[in-house]
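Here are the chains, one letter per residue:
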Amino acid sequence: MTTNIPESFSCPMPIINHQTVQMAHGAGGKLSAELIEKFILPRFANEALNRLEDQATLALPAGKVAFSTDTFVVSPIFFPGGDIGDLAINGTVNDLAMSGATPLYLSVGFVLEEGFSLEAFHRVLISMENAAKNAGVRVVTGDTKVVGKNSCDKIFINTSGIGVIAAGVSISCKNLVPGDKILISGSLAEHGMAVMTKREGLSFQSEILSDTAPLCKMVEKMLAATPEIHAMRDPTRGGLATTLNEFAKSSQVGIKIYEEKVPVRDDVRGACEMLGIDPLYVANEGKLVAAVPAEKADAVLAAMRADKFGEAACIVGEVTSSHTGMVVMQTRLGANRIVDMPLGEQLPRIC
């Protein structure tokens with residue numbers, strides 16, 4: 001089983017002379033206990049998790065609570081710029097942040113394939129530990145299951161999260177109104193192309209890296225600029241095109257974007273062209289899309305650019321009262337084309 005572990009990577013001592021996951025690691029006995037104690041607890045240790053109860057008892061600030069869950073099955077599990085571990089943490093952190101919530105607590109559930117390298121598992125855990133620290137969240141409860149060989153692909157991860165929404169913040173895809181500006185925090189399609197080029201064994205002059213990143217600190221800056229943000233979404237599966245179509249249909253408005261303003265790096269665009277894929281439909285894991293009142297757009301844009309993950313933020317379009325429920329893009333030639341939702345998933349197992 002290939003896991004692409006670098007030779008310089010090291011992990012804790014093998015568990016009772018095992019180098020790979022065994023069925024007994026999920027059976028609740030001594031091997032299960034040692035897997036938790038040697039591998040998992042050292043990465044996420046905190047007062048709530050250390051109790052090793054079947055649940056975490058948490059104190060939450062007053063206010064509205066955001067709750068999200070997501071499951072990650074990306075293949076390959078290690079890709080340029082990230083891996084399934086930081087993807088799982090950042091993905092749920094970002095889902096919470098898109099409601100304007102401050103992410104606080106996560107749960108983590110692992111499904112491990114019998115024979116999966118413990119060294120690879122340790123590398124994933126370290127990546128998750130670093131991602132949680134960067135996002136300022138704590139992993140407070142979790143679960144591990146082991147399935148037979150070929151019953152899953154190495155490792156699947158579920159993360160669920162809780163965050164608190166400040167008073168006065170009401171962000172929803174149903175809030176768009178004509179005149180709103182559409183903002184994007186940076187260039188598109190990097191995560192999807194990083195995974196696909198790794199999966200397909202493609203190489204370019206410059207390596208395409210995943211953009212996986214926590215966006216919660218950027219959202220804090222945006223809300224400090226104004227709490228009147230109407231909608232936010234991280235354009236993951238289905239990319240920008242799907243996100244904007246969901247906005248338009250939910251709010252019963254039209255959206256117009258401009259091809260020349262939509263940021264896509266040249267190497268990413270080249271990879272998309274080679275694979276016959278429109279970058280508007282490719283998943284992103286470290287970008288956000290926001291709909292903001294026109295009079296607040298410049299302030300929000302400045303706040304985004306003040307964050308390291310939003311330095312290339314830009315305005316790419318606006319909300320209109322025409323072509324209700326549809327997204328239209330003005331091309332570089334001045335023509336308009338409909339940007340529809342995809343019929344299916346162009347890039348399977350991208351997150």
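Residues numbered from 1 in each chain as written. Predicted model: local features only at pLDDT ≥ 70, side-chain atom pairs only at ≥ 80, totals over all residues. Heavy atoms only, no water.

(A) The arrangement of the pattern of salt bridges in detail. Here the structure, examined in full by the defined rule, presents 17 salt bridges. Measuring nitrogen to oxygen at the nearest pair gives 3.3 Å for the salt bridge that ties Glu259 to Arg332. Separated by 73 residues along the polypeptide, Glu259 in the loop between β9 (254-258) and α8 (266-275) and Arg332 in the loop between β12 (327-330) and β13 (336-338) bring together distant segments of the chain. Salt bridges linked by common partners bring Glu190, Asp211, Arg265, Asp267 and Lys287 together as one network. (Salt bridge = Lys/Arg side-chain N within 4 Å of Asp/Glu carboxyl O. Helix = DSSP H or I, 4+ residues; strand = E, 2+ residues; numbered from the N terminus.)

(B) Structural view of unusual backbone geometry. With omega at 5 degrees, the peptide bond leading from Ser75 into Pro76 counts as cis. Tracing the backbone shows Pro76 in the loop between β1 (64-72) and β2 (78-79). With phi around 50 degrees, Gln252 is a residue other than glycine that occupies positive phi space. Exposure remark for Gln252: the relative accessible area of 52% places this residue in the exposed category. Positive phi is not limited to glycine here, since His323 has a value of about 40 degrees. Turning to its location among the elements, His323 is positioned in the loop between β11 (314-320) and β12. On the accessibility criterion, His323 (25% relative accessible area) is partly exposed. (Buried < 20%, exposed > 50% of the residue type's maximum accessible area, 1.4 Å probe, protein only.)

(C) Geometry of the layout of surface pockets. Taken as a whole, the largest pocket spans an internal volume of roughly 540 Å³. If you list the elements that add at least two residues to the lining of the largest pocket, you get α1 (30-44), α2 (47-50), β4 (101-113) and β5 (138-147). Classifying every residue of the lining of the largest pocket gives 13 nonpolar, 9 polar and 5 charged. There is about 200 Å³ of room inside the second largest pocket. If you go around the second largest pocket, you meet 13 residues; those closest to its centre are Asp95, Arg233, Asp234, Thr236 and Arg237. Among the elements that take part in the lining of the second largest pocket, helix α7 (residues 239-251) stands out by supplying 3 residues, more than any other. Of the residues contributing to the lining of the second largest pocket, the split by class is 2 nonpolar, 4 polar and 7 charged. (1 Å grid on protein atoms, 1.4 Å probe; cavity = no way out; pocket = protein on both sides within 12 Å on 5 of 7 lines; lining within 4 Å. Points joined across faces, edges and corners; volume = space filled by probe spheres on them. Nonpolar A, V, L, I, M, F, W, Y, C, P; charged D, E, K, R; others polar.)

(D) Geometry of the state of the cysteines. By the definition in use, this model includes 0 disulfides. Between Cys272, a cysteine without a disulfide, and Cys351, which holds the nearest cysteine sulfur, the sulfur-to-sulfur distance is 16 Å. Unpaired in terms of disulfides, Cys314 finds its nearest cysteine sulfur in Cys272, a separation of 16 Å. (Disulfide = S-S within 2.5 Å.)

(E) The packing of aromatic side chains, seen in detail. Enumeration according to the criterion identifies 2 aromatic pairs in this entry. Here Phe39 and Phe121 contribute two aromatic rings whose centre-to-centre distance is 6.2 Å and whose plane-to-plane angle is 15 degrees, an arrangement assigned as stacked. You can see Phe39 sitting in helix α1 and its partner Phe121 sitting in helix α4 (residues 118-135), a full 82 residues away along the chain. Here Phe121 falls in the buried class, since its relative accessible area comes to 0%. Here the aromatic rings of Phe110 and Phe121 are separated by 5.2 Å at their centres, their planes lie at 90 degrees, and the arrangement is edge-to-face. Taken together, the positions of Phe110 in strand β4 and Phe121 in helix α4 put the pair 11 residues apart, joining distant regions of the chain. (Phe/Tyr/Trp six-rings, centres within 6.5 Å; stacked < 30°, edge-to-face > 60°.)

(F) Structural view of the sheet that holds β11. Taken together, 7 strands build an open sheet; the order of strands is β8-β10-β7-β11-β9-β12-β13 and the sheet is mixed. Because the sheet does not close on itself, it has two edges, and the strands there are β8 (231-233) and β13. In this sheet, neighbouring strand axes are inclined to one another by 25 degrees on average, regardless of whether the strands run parallel or antiparallel. Contacts from α7 reach β7 (181-184), β8, β9, β10 (289-292) and β12 within the one sheet, and its direction differs from that of β8 by about 150 degrees. (Pairing = 2+ DSSP bridges. Axes fitted to C-alpha atoms, helices over the stretch in contact; angles between N-to-C directions. Contact = heavy atoms within 4.5 Å.)

(G) A look at helix α6 (residues 216-225). Those residues of α6 lying buried are Cys216, Met218, Val219, Met222 and Leu223. The buried residues of α6 occupy one face: seen down the axis, they fall within an arc of 150 degrees. If you follow the buried residues of α6, they end up packed against α3 (84-97), β4, α4, β8, β10 and α9 (297-305). (Arc of directions from axis to C-beta.)

(H) The arrangement of the packing of α3 against α4 in detail. At a minimum axis distance of 7 Å, the contact between α3 and α4 shows a crossing angle of 30 degrees. Classified by the interaxial angle, the pair formed by α3 and α4 is roughly parallel. Like other packed secondary-structure pairs, α3 and α4 cross with a definite hand, here right-handed. Within the contact between the two elements, α3 uses Ile84, Gly85, Asp86, Ile89, Asn90 and Val93 and α4 uses Val124, Ser127, Met128, Ala131, Ala132 and Ala135. (Parallel < 35°, antiparallel > 145°, perpendicular 65-115°, else oblique. Left-handed = near helix turned anticlockwise from the far one by under 90°.)

(I) Spatial organisation of the environment of Asn46. Among the structural elements, Asn46 can be located in the loop between α1 and α2. Residue classification places Asn46 among the buried positions, given a relative accessible area of 9%. Taking the C-alpha atoms as reference points, Asn46 and Pro342, 296 residues apart in sequence, are found 43 Å from one another. The contact partners of Asn46, leaving out residues within four places of it in the chain, are Arg138, Val139 and Val140. For Asn46, the side chain forms a polar contact with the main-chain nitrogen of Ala48, separated by 3.1 Å. (Polar contact = N/O pair within 3.5 Å; in protein donor to acceptor, adjacent residues only side chain to side chain.)

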